[in-house]
Amino acid sequence: MSDRVKEALNVFDLREMAKDRLPKWLFEYVDRGTEDEVALRNNRAAFERIKLKTQVLVDVSQRNQEITLFGKQHKMPLGISPTGPAGMLYYKGEIELARAAKAAGIPFTLATGSQTSMEEVARVVGGTLWFQLYMWSDVRMSHILVERAKNAGFEALVVTVDGPVDSHREYNIRNGYTVPFSYNRKNTSAVLAKPGWFFSVLMRYWMTTGMPRRENYPEGMKEKFTHVSSAERKTKNDTLAWNDLKVLRDMWPGKLLVKGILTPKDAQLAVAHGADGVIVSNHGGRNFDSSMAPIEALAPIVDAVGDRTTVIVDSGFRRGSDVVKALAIGAKLVMVGRSTLWGTTVGGEAGAARALQFYHEEISRTLAYLGCPSVADLTRDCLELVGASHTPAAM
Ligand SMILES: Cc1cc2nc3c(=O)[nH]c(=O)nc-3n(C[C@H](O)[C@H](O)[C@H](O)COP(=O)(O)O)c2cc1C
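## Looking at the overall build of the protein
Consideration 1: When its secondary structure is counted, the protein shows 17 helices and 12 strands.
Consideration 2: With the principal axes as the frame, the protein shows a C-alpha extent of 60 × 50 × 40 Å.
Consideration 3: Within the protein, buried positions represent 58% of all 395 residues.
Consideration 4: Considering only intrachain contacts with a sequence separation of at least 6, the fraction spanning at least 24 residues in the protein is 72%.

Listed below in structure tokens is the structure:
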């Protein structure tokens with residue numbers, strides 16, 4: 001592990017280090033939310049409103065955070081959420097991140113828009129691999145990816161449904177960051193200000209495989225980072241409906257997870273259309289600024305479908321205690337996006353592993369304070385208060 005990575009004491013330190021390393025437009029693309037960033041802030045603030053009850057004089061010397069998910073054992077109740085740009089933060093960042101997940105014994109989700117192909121991640125790394133799917137307007141294009149993910153041995157298909165239209169991230173415009181990328185004075189000077197990133201990531205691609213592309217896109221639609229094509233824009237599909245999920249259910253033999261659910265009604269519909277699990281998520285506060293914090297949306301969803309499906313949650317989890325709160329409410333797994341991206345930026349696999357190590361240690365410490373030897377013992381009795389609108393009694 002590099003000395004830099006070792007200096008970090010929590011995921012917020014990794015964030016500061018990532019900020020030092022990345023051009024401003026790229027750091028902010030990863031870090032920030034949308035519009036006024038209310039959802040982004042509320043994702044964190046919601047955790048502060050939830051307290052945990054301590055229990056003293058319980059022997060907690062043997063603490064266990066292993067879980068069984070979809071019949072498979074995992075070493076901790078954490079998974080890696082799909083994120084597009086890991087390969088832009090570090091050379092072959094998806095491979096590094098997937099390796100860290102495998103070593104930690106947890107699931108890794110590869111995003112549709114990643115810079116490393118699903119076949120390469122499966123061949124080079126393996127482990128518990130899930131594939132995240134965006135649906136193109138031409139759904140047949142997405143179906144090609146489903147077939148590929150099946151052939152590559154991915155265990156779960158994560159269908160993201162919370163982006164019917166583009167979000168409005170004004171800072172991207174101010175930073176001169178456009179998708180697809182085009183050079184301008186602002187973004188180029190930001191790159192020149194970060195030579196470490198420029199030489200170790202961008203130059204390395206140029207000298208090996210060329211400018212990064214979205215390697216999962218079907219042939220003919222793969223684009224360089226700088227290339228414009230209508231295909232990219234078409235990954236936002238405002239015509240999608242529940243029937244499209246039904247079609248995927250018929251095609252996909254593995255576990256089918258629907259990501260971006262925030263209400264009990266949508267969770268029930270997902271189950272009715274064949275989902276094996278729902279991921280309660282507001283995309284890390286990146287899409288809809290008036291969305292609820294997933295940790296506050298979680299209890300009613302668990303109550304509605306928790307006995308029939310696997311409820312997973314992400315968005316804003318930065319501490320082990322945050323993870324424990326979600327498990328106590330009834331989630332079976334918590335996923336993280338930015339924390340492990342910051343780690344990957346700073347130190348590749350070692351950086352991502354450091355982020356996971358923080359969660360592991362903090363979950364373990366929290367269990368000790370709660371007098372809970374195992375994550376399996378967590379219940380809503382451990383919670384002092386959940387949000388403003390959900391009292392423990394109502395849960
Ligand atoms: C830079 C970035 C890119 C993302 N790209 C995707 C994506 O391609 N598909 C997707 O379903 N979610 C994407 N997400 C959302 C994550 O899967 C996840 O929901 C979110 O990051 C969780 O919040 P957290 O970052 O606070 O942990 C992205 C998130 C970030 C930060």
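Next, the rest of the story.
## Re the pattern of salt bridges
Any two side chains of opposite charge can pair if their charged atoms end up close together.
Consideration 1: What the rule picks out here adds up to 18 salt bridges.
Consideration 2: Close ionic contact of Glu-28 with Lys-24 constitutes a salt bridge, the shortest N to O distance being 3.8 Å. Highlighted residues: Glu-28 and Lys-24, both in helix H3 (residues 24–31), separated by four residues, approximately one helical turn.
Consideration 3: Close ionic contact of Arg-32 with Glu-37 constitutes a salt bridge, the shortest N to O distance being 3.0 Å.
Consideration 4: Among the ionic contacts, a cluster of salt bridges with common partners joins Lys-24, Glu-28, Arg-32 and Glu-37.

## A short note on the site of the ligand
Consideration 1: Pro-82, Thr-160, Asp-314, Gly-316 and Arg-318 are the nearest of the 23 residues found near the ligand.
Consideration 2: Interatomic distance of 3.2 Å between a side-chain N/O atom of Tyr-134 and a nitrogen atom of the ligand.
Consideration 3: Within the side chain of Arg-318, a nitrogen or oxygen atom sits 2.9 Å from an oxygen atom of the ligand.
Consideration 4: Coverage of the ligand by the protein amounts to 97% of the 600 Å² it exposes when considered alone.
Consideration 5: Of the residues assigned to the shell around the ligand, the class counts are seven nonpolar, 11 polar and five charged.

## A short note on the packing of aromatic side chains
Consideration 1: Throughout the structure, instances matching the rule amount to 10 aromatic pairs.
Consideration 2: Ring geometry for Phe-47 and Phe-317: centres 4.8 Å apart, planes at 70 degrees, overall edge-to-face. On the criterion of sequence distance, the pair formed by Phe-47 in helix H4 (residues 38–48) and Phe-317 in the loop between strand E10 (310–314) and helix H16 (320–329) is long-range, its members being 270 residues apart. The two residues Phe-47 and Phe-317 agree in class, both being buried.
Consideration 3: Counting every residue linked through ring pairs, the aromatic cluster contains Trp-25, Tyr-29, Tyr-177 and Trp-197.

## Describing helix H2 (residues 11–21)
An α-helix turns once per 3.6 residues; consequently, residues spaced three or four apart project the same way.
Consideration 1: Within H2, burial applies to Val-11, Leu-14, Met-17 and Ala-18. Looking down the long axis of H2, one finds its buried residues gathered within 110 degrees of arc, a one-sided arrangement.
Consideration 2: For H2, the capping residue at the N-terminal end is Asn-10, with a side-chain oxygen 3.0 Å from the backbone nitrogen of Phe-12.

## Comments concerning the environment of Asn-10
Consideration 1: As for its placement among the helices and strands, Asn-10 is situated in the loop between helix H1 (3–7) and H2.
Consideration 2: Along the chain, Asn-10 and Tyr-359 lie 349 residues apart, while their C-alpha atoms are 8.7 Å from each other.
Consideration 3: With residues near it in sequence (within four places) discarded, Asn-10 still touches Arg-319, Phe-358 and Glu-362.

## Focus on the nonpolar core
Consideration 1: Counting residues in hydrophobic clusters, the biggest one holds 118 residues, and the most contacted among them are Trp-197, Ile-295, Leu-298 and Leu-378.
Consideration 2: Sorting elements by how many residues they give to this core places helix H17 (residues 338–370) first, with 11 residues.
Consideration 3: The contact partners of Ile-295, leaving out residues within four places of it in the chain, are Ala-46, Phe-47, Ile-50, Phe-317, Lys-325, Ala-326 and Ile-329.

## A few points about the side chain of Glu-362
Consideration 1: In this structure, Glu-362 sits in helix H17.
Consideration 2: Relative accessible area serves as the criterion here: at 8%, Glu-362 is assigned to the buried category.
Consideration 3: If we skip the residues at most four places from it in the chain, Glu-362 touches Asn-10, Arg-318, Arg-319 and Gly-320.

## Digging into the environment of Val-146
Consideration 1: Mapping Val-146 onto the fold places it in helix H8 (residues 139–151).
Consideration 2: Judged by relative accessible area, Val-146 falls into the buried class, the value being 0%.
Consideration 3: In this view, Val-146 contacts Leu-133, Leu-157, Leu-248, Met-251 and Trp-252; residues no more than four positions away in its chain are not counted.

Analysis parameters
Residues numbered from 1 in each chain as written. Predicted model: local features only at pLDDT ≥ 70, side-chain atom pairs only at ≥ 80, totals over all residues. Heavy atoms only, no water. Helix = DSSP H or I, 4+ residues; strand = E, 2+ residues; numbered from the N terminus. Buried < 20%, exposed > 50% of the residue type's maximum accessible area, 1.4 Å probe, protein only. Contact = heavy atoms within 4.5 Å. Salt bridge = Lys/Arg side-chain N within 4 Å of Asp/Glu carboxyl O. Near = heavy atom within 4 Å. Polar contact = N/O pair within 3.5 Å; in protein donor to acceptor, adjacent residues only side chain to side chain. Areas by Shrake-Rupley, 256 points an atom, 1.4 Å probe, with all protein chains shown as cover. Nonpolar A, V, L, I, M, F, W, Y, C, P; charged D, E, K, R; others polar. Phe/Tyr/Trp six-rings, centres within 6.5 Å; stacked < 30°, edge-to-face > 60°. Arc of directions from axis to C-beta. Core = buried A, V, L, I, M, F, W, Y, C linked by side-chain atoms within 4.5 Å.

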